[in-house]
Protein chains: 2
Amino acid sequence: MSLLVTGTVGIDSVITPHGRVTDVLGGSATYFSMAAALFTRVRLVAVVGDDFPAAFRDLLGSADIDLAGLETRAGAKTFRWKGEYSQDMNERETLELQLNVVNDTPPKVPGAFADSDVVFLANTHPGLQRELLKQVKSPRLTVCDTMDCWIENEPAELRRTLGVVDGIVLNDGEARLLTKQMNLVAAGEAILSMGPRFVVIKKGEHGAMLVTADSVSVIPAFATKDVCDPTGAGDSFAGGMLGYLDRCEVHDTAALRRALVRGTVAASFTIEGFSLDRLRRVTAGDVDARVRDLVAMVRIE
Amino acid sequence: MSLLVTGTVGIDSVITPHGRVTDVLGGSATYFSMAAALFTRVRLVAVVGDDFPAAFRDLLGSADIDLAGLETRAGAKTFRWKGEYSQDMNERETLELQLNVVNDTPPKVPGAFADSDVVFLANTHPGLQRELLKQVKSPRLTVCDTMDCWIENEPAELRRTLGVVDGIVLNDGEARLLTKQMNLVAAGEAILSMGPRFVVIKKGEHGAMLVTADSVSVIPAFATKDVCDPTGAGDSFAGGMLGYLDRCEVHDTAALRRALVRGTVAASFTIEGFSLDRLRRVTAGDVDARVRDLVAMVRIE
């Protein structure tokens, strides 16, 4: 049981209809790790600059996250993102993006992490995703994310990465862009033909779809009025999902479906506050209660 | 056990990425009735012109639909709509709309239909919806639909109608327009405060949400690649839902949820063909099989 995540740890500034925050903890690997740590011990691999606040490191360390792979690079600056959400929070605009240290030499997977069982490659250049994956000896489950810029600018590299992972988690717009298929079931099947044995398509407030060779599953999002800031919802979803799967003996469709539920629940907490404000306070009891609430919400008798 | 529907029976021409059809059977009450007839006997109240093809009347009559309330008005022309769907079929443009007979004196509810148990008032002027409802003596369940033009131009009339129905079925954009609430749970609750005891918000390919005073339920759409023409999906959803409820002793939240499943299934057949091409051929066995498939698709263990 060991879950490794590679991705971004950064500093965010966010504006939503519910308020604004400046210089808060963010990044794909951050949200993923905090969500996954609700279920299992997480090994975080990322690089930050020496401007990364000690309080943010402490926050990550206070969860069940091994920070041996969180490199602080002297003289470098941490990744920064500033964004603003639309009134309905279904769209967002990037106001500022500073790649900083993320644009330099990538982090290394520490030797002690080379025996990781489950690996999640958060969004980055697909070639780098494979480089990082090679540093893990024999993972039993590998999943990647991606985004529009790689789909459009590095299609060959992305295809190679899709050829070596077990699964991919991406959003509906990315799935359509990657496959030129408007219908999401068709898009999922087209991605399966590129290599992975499962595809998870995230649909934001509309939930997620799991496509395997012989099944299509749909999990609605947790319906709630308490949406404060959608930032990190997708990464929290992946974190809850993979954190749960790390504890599973087998990774069949039934396990994947249960994992999607945990991802949905993790994301539902993340969006209730800015940054990690809500997710960091979630207990195992909170998770269990919300899983029950979600089950009740979607149960068909 | 008797279900009355008032609405439009018309002649459609439709263009989708999968083809085009000209002068086919359409209209809200048509789709509603054909879907509801999968579950119960339907009493259809609508008016057409004397240009309405005998073959269309025969098609409706071949299902479990009582046509005693389908008035053919001499010298009048049938409602006509022509529309074209976008590539992803999530948007459509009305290319041509001829209200024709729908703009004249409304139909009457036949005396033999005055004892109807369940009434669905498909979209029309909210004042007319109440006029039609008054012609039914003591229905045990009344549900209406509405659309943006009444929300914007007849808000007071619509409020009065909302004050006398048990439930409303409307789409997400309409719910947001009616309540100025972007969040659908909040929108649903705001509509409850206007009178109905339940609100069903249709989200197209993303399914439907049921909001009552003490519950929120979410049913995803049936995930399928076989989407040919979305026309009538929402009316078929309402038809499947109310057709099922007409057979239920009680109309509590559990029954409403089961009804949403039947609505989802009915809509999933409608969109597999143009006009009634697929829905008209659906058997009780097809319905049962698809309910099982939908349950399997959304089951959380």
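Nothing here was measured: the structure is a model prediction, and the numbers come from that model. (Residues numbered from 1 in each chain as written. Chains lettered and ligands numbered in written order. Predicted model: local features only at pLDDT ≥ 70, side-chain atom pairs only at ≥ 80, totals over all residues. Heavy atoms only, no water.)

1. Here's the deal with the overall build of chain A
Thinking step 1. A tally of helices and strands in chain A yields 10 helices and 13 strands.
Thinking step 2. Against the 2.2 N^0.38 benchmark of 19 Å for 301 residues, chain A shows a C-alpha radius of gyration of 18 Å, consistent with a compact globule.
Thinking step 3. Its C-alpha atoms give chain A principal-axis dimensions of roughly 55 × 40 × 35 Å.
Thinking step 4. Sequence separation of at least 24 residues holds for 64% of the intrachain contacts in chain A that already meet a minimum separation of 6.
Thinking step 5. In the form shown here, chain A has an accessible surface area of approximately 11,600 Å², with 47% of it arising from carbon and sulfur atoms. (Helix = DSSP H or I, 4+ residues; strand = E, 2+ residues; numbered from the N terminus. Rg over C-alpha atoms; globule rule 2.2 N^0.38 Å. Contact = heavy atoms within 4.5 Å. Areas by Shrake-Rupley, 256 points an atom, 1.4 Å probe, with all protein chains shown as cover.)

2. Comments concerning the interface of chain B and chain A
Thinking step 1. Listed as interface residues are 34 residues of chain B and, on the opposing side, 34 residues of chain A.
Thinking step 2. In total, chain B and chain A occlude about 2,900 Å² of area from one another, counting both sides; carbon and sulfur atoms represent 59% of this.
Thinking step 3. Our count for the contact surface shared by chain B and chain A stands at four salt bridges.
Thinking step 4. Taken together, the connections running from chain B to chain A amount to 12 residue pairs in polar contact (both at pLDDT 80 or more).
Thinking step 5. Going through the elements one at a time, helix H7 (184–192), strand S13 (215–219), helix H9 (253–270) and helix H10 (284–298) of chain B are the ones with two or more residues in the side of chain B that touches chain A.
Thinking step 6. Examining the composition of the side of chain B that touches chain A, we find that five residues originate from one element, H10 of chain B, more than from any other.
Thinking step 7. The class makeup of the residues in the side of chain B that touches chain A is 18 nonpolar, six polar and 10 charged. (Buried area = accessible area lost by both parts, 1.4 Å probe. Salt bridge = Lys/Arg side-chain N within 4 Å of Asp/Glu carboxyl O. Polar contact = N/O pair within 3.5 Å; in protein donor to acceptor, adjacent residues only side chain to side chain. Nonpolar A, V, L, I, M, F, W, Y, C, P; charged D, E, K, R; others polar.)

3. A few points about the nonpolar core
Thinking step 1. Formed by 106 residues in total, the largest nonpolar core has its most connected members in Val-9, Leu-60 and Met-241 of chain A.
Thinking step 2. For this core, the element with the most residues is helix H9 (residues 253–270) of chain A, which contributes nine residues.
Thinking step 3. Counting residues in hydrophobic clusters, the runner-up holds 94 residues, among them Val-109, Phe-113 and Leu-121 of chain A together with Leu-260 of chain B. (Core = buried A, V, L, I, M, F, W, Y, C linked by side-chain atoms within 4.5 Å. Buried < 20%, exposed > 50% of the residue type's maximum accessible area, 1.4 Å probe, protein only.)

4. Some words on the pairing of strand S7 (residues 92–98) of chain B
Thinking step 1. Here strand S6 (residues 79–85) of chain B runs beside S7 of chain B; their pairing, made up of six bridges, is antiparallel. The partner of Gly-83 of chain B across the bridge, within S7 of chain B, is Thr-94 of chain B. (Pairing = 2+ DSSP bridges.)

5. A short note on the relation of the copies chain B and chain A
Thinking step 1. Least-squares fitting of chain B to chain A yields an RMSD of 0.0 Å, with the superposition described by an axial translation of 0.0 Å and a rotation of 180°. Considering both components of the superposition, the chain copies are consistent with a two-fold axis.
Thinking step 2. A share of 100% of the interface residues of chain B reappears at the interface of chain A, consistent with the copies meeting face to face through the same patch. (Least-squares fit on C-alpha atoms with pLDDT ≥ 70 in both.)

6. Looking at the sheet that holds strand S8 (residues 118–121) of chain B
All names here are of chain B.
Thinking step 1. Within the open sheet, the nine strands sit side by side as S5-S4-S1-S8-S9-S10-S11-S12-S13. Their pairing is mixed. Taken across any chain shown, the strands that pair with only one partner, and hence form the sheet edges, are strand S5 (65–73) and S13. Ignoring strand direction, the axes of neighbouring strands in this sheet form an average angle of 15°.
Thinking step 2. Bridge count between strand S10 (residues 167–171) and strand S11 (residues 198–202): five bridges; the pairing is parallel. When the bridges of S11 are listed, Val-169 appears paired with Val-200.
Thinking step 3. Lying over the sheet, H9 contacts S11, strand S12 (208–212) and S13, oriented at roughly 165° with respect to S12. (Axes fitted to C-alpha atoms, helices over the stretch in contact; angles between N-to-C directions.)

7. Quick look at the packing of helix H6 (residues 172–179) of chain B against H7 of chain B
Residues and elements named next belong to chain B.
Thinking step 1. Where H6 contacts H7, the axes come no closer than 9 Å and their chain directions differ by 60°. If you check the angle between H6 and H7, you find them oblique. At the point where H6 passes H7, the crossing takes the left-handed sense. Residues Asp-172, Ala-175, Arg-176, Leu-178 and Thr-179 of H6 touch H7, and the partners they reach there are Leu-184, Ala-187, Ala-190 and Ile-191.
Thinking step 2. In terms of residue class, the contact of H6 with H7 is made up of six nonpolar, one polar and two charged. (Parallel < 35°, antiparallel > 145°, perpendicular 65-115°, else oblique. Left-handed = near helix turned anticlockwise from the far one by under 90°.)

8. Brief notes about the environment of Gly-75 of chain A
All names here are of chain A.
Thinking step 1. For Gly-75, the position within the fold is in the loop between strand S5 (65–73) and strand S6 (79–85).
Thinking step 2. Residue class for Gly-75 comes out exposed when judged on its relative accessible area of 72%.
Thinking step 3. Separated by 26 residues in sequence, Gly-75 and Gly-49 have C-alpha atoms that sit 6.8 Å apart.

9. Description of the state of the cysteines
Residue and element names in this part refer to chain A.
Thinking step 1. Per the counting criterion, the structure on display carries zero disulfides over all chains.
Thinking step 2. Looking at Cys-144, it has no disulfide partner, and the nearest cysteine sulfur is the one in Cys-149, 13 Å off.
Thinking step 3. For Cys-144, a relative accessible area of 0% corresponds to the buried category. (Disulfide = S-S within 2.5 Å.)

10. Here we look at the environment of Asp-229 of chain B
All names here are of chain B.
Thinking step 1. In this structure, Asp-229 sits in the loop between S13 and helix H8 (233–246).
Thinking step 2. It is 7.9 Å that separates the C-alpha atoms of Asp-229 and Thr-270, two residues lying 41 residues apart in sequence.
Thinking step 3. If sequence neighbours within four positions are ignored, Asp-229 has contacts with Val-14, Thr-16, Tyr-85, Thr-270, Ile-271, Gly-273, Phe-274 and Ser-275.

11. Points about the pairing of strand S9 (residues 141–144) of chain A
Thinking step 1. Taking every second residue as pointing to the same face, both faces of S9 of chain A are buried, with Leu-141 and Val-143 of chain A on one and Thr-142 and Cys-144 of chain A on the other.
Thinking step 2. With respect to chirality, the unit in which strand S8 (residues 118–121) of chain A leads through helix H3 (residues 126–134) of chain A into the neighbouring parallel S9 of chain A is right-handed. (Right-handed = clockwise from strand over helix to strand, strands pointing away.)

12. A look at the pattern of salt bridges
Thinking step 1. All told, the structure shown has 22 salt bridges over all chains when counted by the stated rule.
Thinking step 2. Between Glu-157 of chain A and Arg-160 of chain A there is a salt bridge whose closest N-O contact spans 2.8 Å. Remark: Arg-160 of chain A and Glu-157 of chain A occur in helix H5 (residues 155–162); sequence separation between them is three residues, near one turn of the helix.
Thinking step 3. Residue classification places Arg-160 of chain A among the partly exposed positions, given a relative accessible area of 46%.
Thinking step 4. Where Lys-225 of chain A meets Glu-189 of chain B, a salt bridge forms, and the shortest distance between an N and an O atom there is 2.6 Å.

13. Some remarks on the confidence of the model for chain A
Thinking step 1. For chain A, per-residue confidence averages 96 on the pLDDT scale, and residues scoring 70 or more make up 100% of the total.
Thinking step 2. Scored as a complex, the prediction yields pTM 0.92 and ipTM 0.88. (pLDDT = per-residue confidence, 0-100.)

14. A few points about H3 of chain A
Thinking step 1. Looking at H3 of chain A, one finds that the buried residues are Pro-126, Gly-127, Gln-129, Arg-130, Leu-132 and Leu-133 of chain A.
Thinking step 2. Lining the buried residues of H3 of chain A we find strand S1 (3–6), S8, S9, helix H4 (148–153) and H5 of chain A.

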